[in-house]
Amino acid sequence: MVSSFLQLLEKRYKNQLDKEAIEFIGFAVDGAKRMQALINDLLAYSRVGTRGTPFTQVDCQELLDRVMENLKLAREESQAEIIYGDLPVVIGDKTQLGQVFQNLIANAIKFHGTEAPKIVIEAERQERQWLFRVADN
C-alpha cells in the first residue's frame, strides 16, 4: 500500500517535484518493495513448522537439478558458476527443502560483488544426519 501511494504521488505531482524528490520517492518505493519481500519470507518461515507436508524421501540431487532449471535465466545473466557433486537422499519436506536451496542460491546470485557468482553446494554425512553447506563468493 505504501509503495502504491508513493507511485501515485509521483505520477500526479511529477511536474511539481524536483529531481531529488523523485529520487527519494524511488528509494522509498524500493524500500517498501524490499520490506514486503521480507514480510513474505518471514510469513513463509513461520509456516514451516505448521504447514509442512509429511516427510518423505527426497532426492536432493534431483531437487537441486530442478532448482537449477528454475534459476536458469538468473544463472545465465549473472554468469554464475554453481558447483555441486553427488547429493544424498534424505527424509524431509521436498517443497521446503527446495525453497531453502532456491532462496540460498538466488540470494547468492542476486547479491554478489564485481565478480560473477561462484556457489558451492556440498553435503557431508555426520553420524545419523547430513550437514549441507552452501558457500558463495
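For the structure, see preceding data.
Residues numbered from 1 in each chain as written. Predicted model: local features only at pLDDT ≥ 70, side-chain atom pairs only at ≥ 80, totals over all residues. Heavy atoms only, no water.

A. Region of the structure containing the pattern of salt bridges. Going through the model one piece at a time under the given rule, you end up with 3 salt bridges. A salt bridge links Glu122 to Arg133; the shortest N-O distance between them is 3.1 Å. Separated by 11 residues along the polypeptide, Glu122 in strand S4 (residues 118–126) and Arg133 in strand S5 (residues 129–136) bring together distant segments of the chain. For Glu122, a relative accessible area of 37% puts it in the partly exposed group. (Salt bridge = Lys/Arg side-chain N within 4 Å of Asp/Glu carboxyl O. Helix = DSSP H or I, 4+ residues; strand = E, 2+ residues; numbered from the N terminus. Buried < 20%, exposed > 50% of the residue type's maximum accessible area, 1.4 Å probe, protein only.)

B. Region of the structure containing the environment of Ala123. In this structure, Ala123 sits in strand S4. Separated by 111 residues in sequence, Ala123 and Arg12 have C-alpha atoms that sit 54 Å apart. Among residues more than four places away in sequence, those in contact with Ala123 are Leu87, Pro88, Trp130, Leu131 and Phe132. (Contact = heavy atoms within 4.5 Å.)

C. Seen up close, helix H6 (residues 94–110). In a regular helix each residue adds 1.5 Å, so 17 residues correspond to 24 Å; H6 covers 24 Å between its end C-alpha atoms and thus fits that length. Here H6 has its buried residues at Gln96, Gly98, Phe101, Ile105, Ala108 and Ile109. Structurally, the start of H6 carries an N-cap: the backbone nitrogen of Thr95 is 3.0 Å from a side-chain oxygen of Asp93. (Expected span 1.5 Å × (residues − 1). Polar contact = N/O pair within 3.5 Å; in protein donor to acceptor, adjacent residues only side chain to side chain.)

D. Summary view of the layout of surface pockets. Considered as a void within the structure, the second largest pocket measures approximately 190 Å³ in volume. Along the walls of the second largest pocket sit Arg34, Ala37, Asp41, Asn103, Ala106, Asn107, Lys110 and Phe111, which together make up its complete lining. Secondary-structure elements contributing two or more residues to the lining of the second largest pocket are helix H2 (19–46) and H6. Among the elements that line the lining of the second largest pocket, the one with the most residues is H6, at 4 residues. Split by residue class, the lining of the second largest pocket holds 3 nonpolar, 2 polar and 3 charged. (1 Å grid on protein atoms, 1.4 Å probe; cavity = no way out; pocket = protein on both sides within 12 Å on 5 of 7 lines; lining within 4 Å. Points joined across faces, edges and corners; volume = space filled by probe spheres on them. Nonpolar A, V, L, I, M, F, W, Y, C, P; charged D, E, K, R; others polar.)

E. Geometry of the sheet that holds S4. In space, the 3 strands of this open sheet follow the order S2-S4-S5, with mixed pairing throughout. Either end of the sheet is taken by a strand with one partner, and the two such strands are strand S2 (81–84) and S5. Averaged over all pairs of adjacent strands, the angle between strand axes in this sheet comes to 15°, irrespective of strand direction. Strands S2, S4 and S5 of the sheet are contacted by helix H4 (residues 60–70), whose axis makes an angle of about 170° with S2. Helix-sheet contacts for H6 involve S2, S4 and S5, and the interaxial angle to S4 is about 145°. (Pairing = 2+ DSSP bridges. Axes fitted to C-alpha atoms, helices over the stretch in contact; angles between N-to-C directions.)

F. Examining the packing of aromatic side chains more closely. Considering all chains together, one arrives at 1 aromatic pair under this definition. An angle of 70° between the planes, with centres 5.8 Å apart, marks the rings of Phe101 and Phe132 as edge-to-face. Remark: Phe132 occurs in strand S5 and Phe101 occurs in helix H6; sequence separation between them is 31 residues. Overall, the relative accessible area of 6% leaves Phe101 in the buried class. Phe132 sits in the partly exposed class, given a relative accessible area of 29%. (Phe/Tyr/Trp six-rings, centres within 6.5 Å; stacked < 30°, edge-to-face > 60°.)

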